[in-house]
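Here is how the chains run, residue by residue.
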Amino acid sequence: MPKIVILHHSGYGHTAKVAEAVADGAREGAEVTVLTVEEIGEPGEAWAPLHEADAIIFGSPTYIGSVSAPFEAFVDAASPIWAEQKWKDKLAAGFTCSACLGGDKQSTLQRMQVLAMQHGMVWVGLGLLPGRPEHPCDDAGNLNRLGFFAGAAAQAGQEAPPEEEPMAADLATARHLGKRVAEWAARVAR
Ligand SMILES: Cc1cc2nc3c(=O)[nH]c(=O)nc-3n(C[C@H](O)[C@H](O)[C@H](O)COP(=O)(O)O)c2cc1C
């Protein structure tokens, strides 16, 4: 079974909820480890699951139109790994959560894509047509209701408890991304 690490930051629990959904989807076809950037800190033993993974799925809230500062600190901390191209040819994917429907989530996903490209990784996009923004966001069948393509996007207000937002459509979209990365990891391993 391929190994997937979901590495994320979440300031208030909303992106963590999305990470759980990505993990649920990925577990359909992979051995999954969920880690936070705080848990791994600077490169060391805690980074072993990342080095051993077939795919790394990055997750961050969108803060002022990009990844959060703790996620960006991880990006900087990974520079020695970049120098060795240790993650070259691993699969990569990304997800984000922010308060607005758009809210510059695209910049966050692009930041993650640039990270993956600099590391020589192979990016797996969402692979979904856009859903229906006018349909209810608690409709789990309304995949990709926010219409992003580079990764899984979710919407959750800062004041909303993570148990309430993000809602079913976005969590289903996140599950789809996890499952898709697991499927591609299995294909690449063949
Ligand atoms: C410092 C800060 C900056 C934010 N910037 C944005 C933003 O640019 N766009 C947006 O839609 N939401 C923005 N938000 C809202 C968060 O993205 C949103 O509440 C998200 O669900 C938080 O995820 P988390 O609980 O995983 O930290 C911002 C929140 C904070 C605290």
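Note that the coordinates shown come from a computational prediction; the quantities given were computed from them, not determined experimentally.

### Description of helix 1 (residues 14-26)
When the terminal C-alpha atoms of helix 1 are compared, their 19 Å separation across 13 residues agrees well with the 18 Å that a helix rising 1.5 Å per residue should span. Where helix 1 is buried, its residues meet strand 1 (3-8), strand 2 (31-36), strand 3 (55-61), strand 4 (91-98), strand 6 (152-155) and helix 7 (168-189).

### Some points on the environment of glutamine 110
Looking at the secondary structure, you find glutamine 110 in helix 6 (residues 105-118). In this structure, the C-alpha to C-alpha distance between glutamine 110 and lysine 3, residues 107 residues apart in sequence, is 24 Å.

### Observations regarding the UniProt feature "domain: Flavodoxin-like" (unreviewed entry) in the protein
The sites that UniProt annotates as "domain: Flavodoxin-like" (unreviewed entry) are residues 4-189. As annotated, residues 4-189 comprises 39% helix and 17% strand, and the C-alpha atoms at either end are separated by 13 Å.

### A few points about unusual backbone geometry
Here glutamate 165 and proline 166 are connected by a cis peptide whose omega angle stands at 5°. Here proline 166 lies in the loop between strand 6 and helix 7. Positive phi is not limited to glycine here, since isoleucine 64 has a value of about 45°. As for its placement among the helices and strands, isoleucine 64 is situated in the loop between strand 3 and helix 4 (69-77). On the basis of relative accessible area, isoleucine 64 is assigned to the exposed category, the value being 89%. Here the phi dihedral of aspartate 89 falls at roughly 75°; this positive angle occurs in a residue that is not glycine.

### Observations regarding the layout of surface pockets
Quantified by volume, the largest pocket comes out at close to 290 Å³. Lining the largest pocket we find 18 residues, and of these Thr62, Tyr63, Ser98, Ala99 and Gln158 sit closest to its centre. Contributing elements (two or more residues each) for the lining of the largest pocket: helix 1 and strand 4. In terms of residue class, the lining of the largest pocket is made up of 8 nonpolar, 10 polar and no charged.

### Some words on helix 4
For an α-helix, the turn length of 3.6 residues means that residues three or four places apart are oriented alike. All of the buried residues along helix 4 are Phe71, Phe74, Val75 and Ala77. Mapping the buried residues of helix 4 onto a view down its axis gives an arc of 165°, with all of them on the same face. Away from its buried face by more than 90 degrees, helix 4 exposes Ala69 and Asp76. On the buried face of helix 4, the contacting elements are strand 1, helix 2 (37-40), strand 3, helix 5 (79-84) and helix 6.

Cut-offs and rules
- Residues numbered from 1 in each chain as written.
- Predicted model: local features only at pLDDT ≥ 70, side-chain atom pairs only at ≥ 80, totals over all residues.
- Heavy atoms only, no water.
- Helix = DSSP H or I, 4+ residues; strand = E, 2+ residues; numbered from the N terminus.
- Expected span 1.5 Å × (residues − 1).
- Contact = heavy atoms within 4.5 Å.
- UniProt positions renumbered as here; feature names shortened; annotations may be inferred.
- Buried < 20%, exposed > 50% of the residue type's maximum accessible area, 1.4 Å probe, protein only.
- 1 Å grid on protein atoms, 1.4 Å probe; cavity = no way out; pocket = protein on both sides within 12 Å on 5 of 7 lines; lining within 4 Å.
- Points joined across faces, edges and corners; volume = space filled by probe spheres on them.
- Nonpolar A, V, L, I, M, F, W, Y, C, P; charged D, E, K, R; others polar.
- Arc of directions from axis to C-beta.

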